[in-house]
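Structural features, examined
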There are 2 protein chains.
Amino acid sequence: MSRTTARRGPGRPSDGEDRRGAILAAARAEFAEKGYVGTSVRGIARAADVDAALVHHYFGTKERVFVAAMELPFDPADRLPLVLAGDPAGTGERMVRMFLGMWSDPQFRAPMLGLVRSAFTSEQGATMLREFVGTALLGRVAAGLGLTDPLRIEAAAAQLIGLVVLRYVVQLEPIASASEDELVRLVAPTVQGYLVG
Amino acid sequence: MSRTTARRGPGRPSDGEDRRGAILAAARAEFAEKGYVGTSVRGIARAADVDAALVHHYFGTKERVFVAAMELPFDPADRLPLVLAGDPAGTGERMVRMFLGMWSDPQFRAPMLGLVRSAFTSEQGATMLREFVGTALLGRVAAGLGLTDPLRIEAAAAQLIGLVVLRYVVQLEPIASASEDELVRLVAPTVQGYLVG
């Protein structure tokens with residue numbers, strides 16, 4: 001909580017913190033029940049018994065409510081523009097570096113692993129992860145790179161997801177201890193091939 | 001159980017079925033407590049209060065006890081020789097076809113997903129999956145192909161693991177509904193590149 005409450009606007013009283021907490025609790029319940037696509041800022045506000053404008057005031061968008069509710073330390077989608085801009089010859093490498101950099105941060109890894117775990121244990125968890133990954137991440141990659149074949153983006157995502165499963169969940173050596181540079185050299189050409197060709 | 005008990009030798013009395021069940025129960029406990037590497041046929045026999053020769057009689061090897069205890073319908077390692085033999089130019093394609101074929105079988109998928117789920121939820125589950133994948137699968141691939149860089153084998157494994165996570169757990173479209181042929185075309189060149197170059 002301290003991580004996310006630190007982001008609230010300056011000078012909000014603890015009353016605001018209560019309302020912010022109520023919004024996040026309502027958001028978690030709404031996302032879990034209705035999935036990412038089925039949840040709206042309006043519905044979260046209703047469930048938290050506050051005005052929708054207050055949700056926008058604290059969080060901006062539904063995606064940012066989701067990121068805060070999941071207690072991610074940052075929004076992966078914020079970082080995508082940096083990856084998608086720039087020399088296309090380096091897109092694969094920038095993508096792999098960004099991805100590994102995020103996962104190397106325990107503040108990011110713990111809630112993300114929780115999200116993936118929930119996809120293994122409940123249909124709702126799977127729906128939430130699917131919609132978030134599909135909409136907030138892969139949809140942005142497709143738009144940013146002008147890609148029309150979602151299968152190739154998903155193949156790149158599969159390479160990266162499998163990498164963190166082996167590195168952080170299965171903890172298989174040598175991939176678990178490999179440096180980020182080694183892993184970039186290993187898989188960036190693959191990601192580049194799928195995304196840029 | 002009916003699946004695995006159907007494999008017992010002909011003419012075994014139900015007494016044998018009891019002992020077979022006791023061995024499997026002991027094996028599950030031993031694997032969970034000691035991991036794949038730390039478990040021995042002798043230790044399983046001791047825990048089941050039977051002679052080690054009886055474990056060998058029913059299952060042959062520790063790996064087959066593990067496969068039976070996990071209720072896998074077949075041993076993935078049985079299929080690897082077919083993949084590893086033959087024209088090296090087709091190794092990637094044969095590997096992806098075998099892998100997707102196994103995962104398309106719900107009798108294989110359900111226990112394997114359970115094994116992967118246990119890796120997300122317990123350190124022991126992670127150890128068991130790590131040792132089984134490392135020893136029984138990737139070690140065989142390395143030996144069969146004469147590969148000396150385990151990172152490249154693990155990169156290929158990551159591609160395939162990510163594929164089934166997106167297809168069967170996250171159920172992201174279009175990868176969830178894509179035909180096996182489409183997926184082979186998509187990722188076989190990647191697997192080929194890692195394994196054969």
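Our subject in this report is the structure included herewith. (Residues numbered from 1 in each chain as written. Chains lettered and ligands numbered in written order. Predicted model: local features only at pLDDT ≥ 70, side-chain atom pairs only at ≥ 80, totals over all residues. Heavy atoms only, no water.)

**Here we look at the overall build of chain A**
Of regular secondary structure, chain A possesses 11 helices and zero strands. Listing every helix and strand of chain A by position from the N terminus yields α-α-α-α-α-α-α-α-α-α-α. Relative to the 2.2 N^0.38 estimate, which gives 16 Å for 197 residues, the radius of gyration of chain A is 18 Å and therefore close to what a compact globule would have. Considered along the principal axes of its C-alpha atoms, chain A spans approximately 50 × 35 × 35 Å. (Helix = DSSP H or I, 4+ residues; strand = E, 2+ residues; numbered from the N terminus. Rg over C-alpha atoms; globule rule 2.2 N^0.38 Å.)

**Points about the packing of aromatic side chains**
Residue and element names in this part refer to chain A. The final tally for this structure, using the stated rule, is 19 aromatic pairs over all chains. On the numbers, 5.9 Å between centres and 10° between planes, the contact of phenylalanine 31 with tyrosine 36 is stacked. Residue phenylalanine 31 shares its accessibility class with tyrosine 36, and that shared class is buried. Pairwise contacts between aromatic rings join Phe31, Tyr36, Phe66 and Phe132 into one cluster. Its end group placed over the ring of tyrosine 36, lysine 62 keeps NZ or CZ at 4.7 Å from the ring centre. (Phe/Tyr/Trp six-rings, centres within 6.5 Å; stacked < 30°, edge-to-face > 60°. Buried < 20%, exposed > 50% of the residue type's maximum accessible area, 1.4 Å probe, protein only. Lys NZ or Arg CZ within 6 Å of the ring centre and 35° of its normal.)

**As for helix 5 (residues 62–69) of chain A**
All names here are of chain A. Of all eight residues in helix 5, six are buried, a share of seventy percent or more. Those residues of helix 5 that sit buried are Glu63, Val65, Phe66, Val67, Ala68 and Ala69. Phi turns positive one or two residues past the end of helix 5, at glutamate 71, with a value near 60°.

**Let's talk about the pattern of salt bridges**
All names here are of chain A. Scanning the model with the defined rule gives 13 salt bridges over all chains in all. Close ionic contact of arginine 28 with glutamate 71 constitutes a salt bridge, the shortest N to O distance being 3.6 Å. Here the residue arginine 28 occupies a position in helix 2 (residues 14–38), and glutamate 71 occupies one in the loop between helix 5 and helix 6 (76–84), the gap between them amounting to 43 residues. Look at arginine 28 and you get partly exposed, because its relative accessible area is 28%. Each of Arg64, Asp75 and Asp78 takes part in a single network of salt bridges with overlapping partners. (Salt bridge = Lys/Arg side-chain N within 4 Å of Asp/Glu carboxyl O.)

**A few points about the interface of chain A and chain B**
Accessible area lost upon the coming together of the parts is a frequently used measure of interface size. Contact with chain A, which involves 39 residues of that partner, is made by 39 residues of chain B. Both sides together, the interface formed by chain A and chain B hides about 3300 Å², and carbon and sulfur atoms give 73% of it. If you look at where chain A meets chain B, you find zero salt bridges. The tally of links between chain A and chain B comes to 12 residue pairs in polar contact (both at pLDDT 80 or more). The set of elements that each furnish at least two residues to the side of chain A that touches chain B consists of helix 8 (106–121), helix 9 (123–145), helix 10 (150–169) and helix 11 (180–195) of chain A. Of the residues forming the side of chain A that touches chain B, the biggest block, 14 residues, is contributed by helix 10 of chain A. Residue composition of the side of chain A that touches chain B, by class: 26 nonpolar, six polar and seven charged. (Contact = heavy atoms within 4.5 Å. Buried area = accessible area lost by both parts, 1.4 Å probe. Polar contact = N/O pair within 3.5 Å; in protein donor to acceptor, adjacent residues only side chain to side chain. Nonpolar A, V, L, I, M, F, W, Y, C, P; charged D, E, K, R; others polar.)

**Observations concerning the relation of the copies chain A and chain B**
Both copies of the chain are related by a screw-like operation: a rotation about an axis and a shift along it. Relative to chain B, chain A is turned by 180° and slid 0.0 Å along the rotation axis, the superposed coordinates differing by an RMSD of 0.0 Å. Here the transformation between the copies is reduced to the relation of a two-fold axis. The share of interface residues of chain A whose copies in chain B are also at the interface is 100%, consistent with both copies meeting through the same surface. (Least-squares fit on C-alpha atoms with pLDDT ≥ 70 in both.)

**Quick notes on the side chain of glutamate 131 of chain A**
All names here are of chain A. Relative to the elements of secondary structure, glutamate 131 occurs in helix 9. Arginine 130 is the oppositely charged side chain nearest to the buried, salt-bridge-free glutamate 131, at an N-O distance of 5.4 Å. Only 2.4 Å separates the side chain of glutamate 131 from the backbone nitrogen of tyrosine 36, close enough to count as a polar contact. Engagement of the side chain of glutamate 131 in a polar contact is seen with the backbone nitrogen of valine 37, the distance being 2.7 Å. Setting aside residues no more than four positions away along its own chain, glutamate 131 makes contact with Gly35, Tyr36, Val37, Gly38 and Ala136. (Lys, Arg positive; Asp, Glu negative; His and termini not counted.)

**Focus: the packing of helix 10 of chain A against helix 10 (residues 150–169) of chain B**
Relative orientation and spacing of two packed helices are given, respectively, by the angle between their axes and the distance between those axes. Close contact between helix 10 of chain A and helix 10 of chain B brings their axes to 6 Å; oriented N to C, the two are set at 110°. Taken together, the axes of helix 10 of chain A and helix 10 of chain B are roughly perpendicular relative to one another. Considering the relative orientation of helix 10 of chain A and helix 10 of chain B, their crossing is right-handed. Between helix 10 of chain A and helix 10 of chain B, the residues in contact are Glu154, Ala155, Ala157, Ala158, Gln159, Ile161, Gly162, Leu163, Val165 and Leu166 of chain A and Glu154, Ala155, Ala157, Ala158, Gln159, Ile161, Gly162, Leu163, Val165 and Leu166 of chain B, respectively. (Axes fitted to C-alpha atoms, helices over the stretch in contact; angles between N-to-C directions. Parallel < 35°, antiparallel > 145°, perpendicular 65-115°, else oblique. Left-handed = near helix turned anticlockwise from the far one by under 90°.)

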